[in-house]
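Structural description and commentary
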Amino acid sequence: MTSLLYTTVILWVAACAGSLPAPSRIFISARVGSSAVLPCDCRKVSSQNPHILWRTISETVLERRGGELYQGEGYEGRVDVPEDHLLKGDCSLELKNITLGDEGVYESYLLVSRMKRSLRTKKSIFLQSVELSVDGKHY
């Protein structure tokens, strides 16, 4: 009886763990001078006023909260998460005029502010990892 109960518990835990979404990396390729969309969906964790952050390992690429937009150094005028898309749960990064230096891994996060004992804290919720490879030829 004990082994049957043990087996049932193990199967239940495995089934529950298997139903949780595992973060996966998406691979995108683009040519120098072209545009790319790095996909991201925040509908499952969205808030009324989403605050999204896209970054590489070394720098912030873009931060958007409503109409406020910050574009990181070297990305000015080339990146966006359109506000109307974000409000619908689409936090995909639009990257224009791609350069060889844009190649790398990009990660998106939903930033959530919370009040705790009169202190405001921010929590980052990981959303998506996208690896961009860039072909150096102009076409």
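Up top is the structure.
Let me begin by describing the structure that accompanies this report. These numbers come from a predicted model, not from an experiment.

**Considering the nonpolar core**
Nonpolar side chains in soluble globular proteins generally cluster together in the buried interior. Formed by 25 residues in total, the largest nonpolar core has its most connected members in Ile52, Trp54, Val61, Leu62, Leu93 and Tyr106. Contributing elements (two or more residues each) for this core: β1 (25-31), β2 (36-38), β3 (51-55), β4 (60-65), β7 (93-95), β8 (104-116) and β9 (119-135). In terms of residues, this core owes the most to one element, β9, which gives four residues.

**What about the state of the cysteines?**
Applying the stated rule across the entire model yields one disulfide. At a sulfur-sulfur separation of 2.5 Å, the disulfide partner of Cys40 is Cys91. Handedness here is read from the sign of the S-S torsion; for Cys40 and Cys91, about -60°, the answer is left-handed. Highlighted residues: Cys40 in the loop between β2 and β3 and Cys91 in the loop between α2 (83-87) and β7, separated in sequence by 51 residues. Here Cys40 matches Cys91 in class, with each residue buried.

**Overview of the environment of Asn97**
Within the secondary structure, Asn97 is located in the loop between β7 and β8. Exposure remark for Asn97: the relative accessible area of 46% places this residue in the partly exposed category. Each C-alpha atom of the pair Asn97 and Arg31 lies 9.1 Å from the other, and the pair is 66 residues apart in sequence. Those residues in contact with Asn97, other than ones at most four positions away along the chain, are Gly33, Ser34, Ser35, Arg78 and Asp102.

**What to know about the environment of Arg55**
Structurally, Arg55 can be placed in strand β3. A relative accessible area of 26% means that Arg55 is categorised as partly exposed. Considered as a pair, Arg55 and Tyr106 are 51 residues apart in the sequence and their alpha carbons are 5.6 Å apart. Those residues in contact with Arg55 that sit more than four places away from it in its chain are Thr60, Val61, Val105, Tyr106, Glu107 and Tyr109. There is a polar contact of 3.4 Å between the side chain of Arg55 and the side chain of Thr60.

Calculation rules
Residues numbered from 1 in each chain as written. Predicted model: local features only at pLDDT ≥ 70, side-chain atom pairs only at ≥ 80, totals over all residues. Heavy atoms only, no water. Core = buried A, V, L, I, M, F, W, Y, C linked by side-chain atoms within 4.5 Å. Buried < 20%, exposed > 50% of the residue type's maximum accessible area, 1.4 Å probe, protein only. Helix = DSSP H or I, 4+ residues; strand = E, 2+ residues; numbered from the N terminus. Disulfide = S-S within 2.5 Å. Contact = heavy atoms within 4.5 Å. Polar contact = N/O pair within 3.5 Å; in protein donor to acceptor, adjacent residues only side chain to side chain.

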